[in-house]
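Residues per chain, in single letters:
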Amino acid sequence: MKIPELLAPAGNMEKMKMAFLYGADAVYLGGKFFGMRAQSGNFSEAEIAEAAIYAHSLGKKIYVTVNIMPHNEEFAKLPAYLDFLQDAGVDALIVADPGVFRLAKERVKGLPLHVSTQANTVNWAGALFWQELGAERVVLARELSLPEIGEIRKKTSFDIEVFIHGAMCISYSGRCLLSSYMTGRDANQGECAQACRWRYSLLEEQRPGEYFPVFEDEYGTYVFNSRDLCLLQHLPALCRAGVNSFKIEGRMKSVHYVATVVNVYREALDLLATAPEKFEVKEHWLKELAKISHRPYTEGFIASRPDAGGQVYTSSSYRQTHDFVGLAVNCENGFLTIEQRNNIKEGEVLEVLEPSGKISTLKMADMQDMEGFSIVAAPHPQQLFRVPCSSAVTVGALLRRRVEDA
């Protein structure tokens with residue numbers, strides 16, 4: 001079975017390196033401008049150039065988003081930016097707007113163009129249109145079933161990319177106007193305020209000031225409260241359908257999210273590569289995906305059109321069973337050096353996830369600062385401290401604290 005590329009989000013340099021460390025084949029990232037995630041950390045031009053060198057040193061790839069819907073005045077800055085991206089050696093551009101596609105096709109010949117999910121490609125004719133224009137890949141809309149994906153594959157010959165994990169949008173492939181109307185932040189310019197995740201109640205015209213829940217729920221209604229996508233069990237079928245790239249959503253998510261999700265899907269794809277006949281969704285994969293911040297999971301449109309169960313009506317909050325509290329940055333001479341990411345106290349027993357997928361526990365006993373003095377807690381953001389460690393821990397391992405049952 002041909003295994004697709006595993007494509008991970010990279011909101012900043014640290015997340016990119018963690019994505020590669022935990023098994024991604026490629027990452028997608030954005031610069032400071034022209035990308036659909038303006039609130040993400042994003043990359044300066046110097047960082048993009050550095051990221052390309054780093055990725056290529058590992059035999060990996062980076063794709064850069066240029067997928068906003070730009071207005072006329074924004075086009076003046078685009079040619080120089082496209083020239084820079086080509087000179088930096090990035091592996092592809094992700095674009096949505098036909099005008100940006102046209103400019104890139106003329107300006108940076110030879111630089112592969114991937115058509116973003118914001119282009120709303122939902123049928124084989126639309127995909128073929130982009131292929132005939134010279135695109136090398138299309139990122140299909142999330143609103144497609146497995147048979148529809150298969151039909152698009154049969155009638156096209158370029159790469160097909162499909163989202164397999166992450167947040168869903170209430171609007172068609174992210175083409176939303178709510179944020180713009182309600183906050184002045186244009187989602188199609190990369191500034192989405194996620195207004196669809198807010199709480200809403202019904203107001204009747206003749207009863208000003210009286211708010212009614214659409215459902216009998218004291219917290220209001222959550223008609224916009226979409227679940228998160230998880231297609232673990234459909235990976236074999238998507239591979240057989242000829243998908244070339246599996247995409248994970250989440251450039252604004254945490255290091256913990258990126259590393260954990262990539263690790264799960266890497267293990268799943270490696271199992272598919274070596275023993276496809278034995279593939280089944282492992283219980284520990286689901287437990288790992290419960291440890292990150294997420295909404296209840298859904299299979300989206302892949303098997304059937306979602307009904308009312310595709311939304312969450314009881315809460316607008318995220319859930320997770322574990323908090324990310326530290327990152328292993330060095331392990332030598334019997335001590336593990338940890339970079340704090342959440343308050344850590346003496347005596348706690350933390351879970352350790354290594355890039356290999358190995359999970360173990362480590363007690364925070366005899367905590368010391370970097371001068372060797374005993375401490376009872378590490379309360380300061382990114383504080384470095386060390387603890388005795390009887391066995392080696394890989395640099396880049398995540399330390400996690402259980403916060404609730406799965």
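Quick caveat: nothing in here was measured; it's all calculated off a predicted structure.

J.: When you look at the overall build of the protein chain in this model, what are you seeing that I'm missing?
T.: The helix and strand inventory of the protein chain stands at ten helices and 20 strands. A buried classification covers 52% of the 406 residues belonging to the protein chain. Put simply, 67% of the contacts in the protein chain that link residues at least 6 apart link residues at least 24 apart. Total accessible area computed for the protein chain in this model is approximately 18600 Å², and 51% of it derives from carbon and sulfur atoms.

J.: Explain the sheet that holds strand β20 (residues 398–402) here, please?
T.: Hydrogen bonds along the backbone pair up the strands of a sheet, which may run parallel or antiparallel. The six strands are arranged β17-β16-β20-β13-β14-β19 in an open sheet whose pairing can be described as antiparallel. Strand pairing shows two members of the sheet lacking a second neighbour, β17 (359–363) and β19 (384–388), which therefore form its edges. Averaged over all pairs of adjacent strands, the angle between strand axes in this sheet comes to 40°, irrespective of strand direction. Strands β13 (322–332), β16 (349–353), β17 and β20 of the sheet are contacted by helix α10 (residues 283–291), whose axis makes an angle of about 115° with β16.

J.: How should I be thinking about the packing of aromatic side chains in this particular structure?
T.: In this description, an aromatic ring pair is defined by two values, namely the gap between the centres and the angle between the planes. A complete count under the given rule lists five aromatic pairs for this structure. Between Phe 129 and Trp 130 the ring centres are 5.3 Å apart and the planes differ by 75°, which places this aromatic pair in the edge-to-face class. Using a relative accessible area of 9% as the deciding quantity, one classes Trp 130 as buried. Taken together, a centroid distance of 5.8 Å and an interplanar angle of 40° make the contact between Phe 279 and Trp 285 tilted. In this structure Phe 279 comes out as buried when scored by relative accessible area, which is 15%.

J.: What's the story with the environment of Val 258 in this structure? I'm lost.
T.: Along the polypeptide, Val 258 turns up in helix α9 (residues 255–274). Judged by relative accessible area, which is 1%, Val 258 ranks as buried. Here Val 258 is in contact with Pro 9, Lys 15 and Ala 19, once residues within four sequence places are set aside.

J.: Would you take a moment to explain the packing of α9 against α10 for this structure?
T.: A pair of packed helices can be characterised by two numbers: the angle between their axes and the separation between those axes. At a minimum axis separation of 9 Å, α9 and α10 run at an interaxial angle of 165°. By the angle between their directions, the pair α9 and α10 is classed as roughly antiparallel. In this structure, the crossing between α9 and α10 has a hand that is left-handed. Counting all contacts with α9, which are made through His 256, Thr 260, Val 261, Val 264, Glu 267, Ala 268 and Leu 271, the residues of α10 involved are His 284, Trp 285, Glu 288, Leu 289 and Lys 291.

Rules used in this analysis
- Residues numbered from 1 in each chain as written.
- Predicted model: local features only at pLDDT ≥ 70, side-chain atom pairs only at ≥ 80, totals over all residues.
- Heavy atoms only, no water.
- Helix = DSSP H or I, 4+ residues; strand = E, 2+ residues; numbered from the N terminus.
- Buried < 20%, exposed > 50% of the residue type's maximum accessible area, 1.4 Å probe, protein only.
- Contact = heavy atoms within 4.5 Å.
- Areas by Shrake-Rupley, 256 points an atom, 1.4 Å probe, with all protein chains shown as cover.
- Pairing = 2+ DSSP bridges.
- Axes fitted to C-alpha atoms, helices over the stretch in contact; angles between N-to-C directions.
- Phe/Tyr/Trp six-rings, centres within 6.5 Å; stacked < 30°, edge-to-face > 60°.
- Parallel < 35°, antiparallel > 145°, perpendicular 65-115°, else oblique.
- Left-handed = near helix turned anticlockwise from the far one by under 90°.

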